[in-house]
Amino acid sequence: MAKPNKKGPSRTVDIFCAKCKTQLFKYRKGGKGALVKCFKERIVEDSTKVPCTCPECGQIFARDTLIRGTPAFKMIGGKVTFK
């Protein structure tokens, strides 16, 4: 499997907590599908204080993992929304 493109996509989306609507990240997302994973190198702005935890309500929204050898957050279904 190939590693993610270093340059990455140019489209930036805002990622919010589904429970309290607090902004978590600004992320360079590729493709049209659902948000399943966030590669750490593509996060433009991180609003979380503790990784994978919403700063407002404390809900855990992702798991820290390696995908194809690259550090990433694996999103838990239904815990985040994006625009």
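Residues numbered from 1 in each chain as written. Predicted model: local features only at pLDDT ≥ 70, side-chain atom pairs only at ≥ 80, totals over all residues. Heavy atoms only, no water.

The protein chain is annotated in an unreviewed UniProt entry as Zn-ribbon motif protein from Shewanella vesiculosa.

So, on to unusual backbone geometry. At Lys21, a position not held by glycine, the phi torsion is positive, near 65°. Its place among the elements puts Lys21 in the loop between strand E1 (12-17) and strand E2 (23-28). Accessibility expressed as a relative area gives 54% for Lys21, which makes it exposed. Of note, the phi angle at Cys52 is positive, near 70°, even though the residue is not glycine. Among the secondary structure elements, Cys52 is positioned in the loop between strand E4 (43-46) and strand E5 (62-67). Owing to a relative accessible area of 8%, Cys52 belongs among the buried residues under this scheme. (Helix = DSSP H or I, 4+ residues; strand = E, 2+ residues; numbered from the N terminus. Buried < 20%, exposed > 50% of the residue type's maximum accessible area, 1.4 Å probe, protein only.)

Quick look at the nonpolar core now. Formed by 19 residues in total, the largest nonpolar core has its most connected members in Ile15, Phe25, Tyr27, Phe73 and Met75. Mapped by element, the contributors of at least two residues to this core are E1, E2, strand E3 (37-39), E5 and strand E6 (70-75). The contact partners of Ile15, leaving out residues within four places of it in the chain, are Thr22, Gln23, Leu24, Phe25, Tyr27, Leu35, Cys38, Val80, Thr81 and Phe82. (Core = buried A, V, L, I, M, F, W, Y, C linked by side-chain atoms within 4.5 Å. Contact = heavy atoms within 4.5 Å.)

Ordered by their spatial adjacency, three strands build an open sheet running E3-E6-E5, and the pairing between neighbours is antiparallel. Of all the strands in the sheet, the pair left with one neighbour each is E3 and E5. Taking each pair of neighbouring strands and ignoring which way they run, the sheet shows an average axis angle of 30°. Summarising the sheet, E3 and E6 pair through three bridges and their orientation is antiparallel. By the bridge assignment for E6, Cys38 is matched with Phe73. (Pairing = 2+ DSSP bridges. Axes fitted to C-alpha atoms, helices over the stretch in contact; angles between N-to-C directions.)

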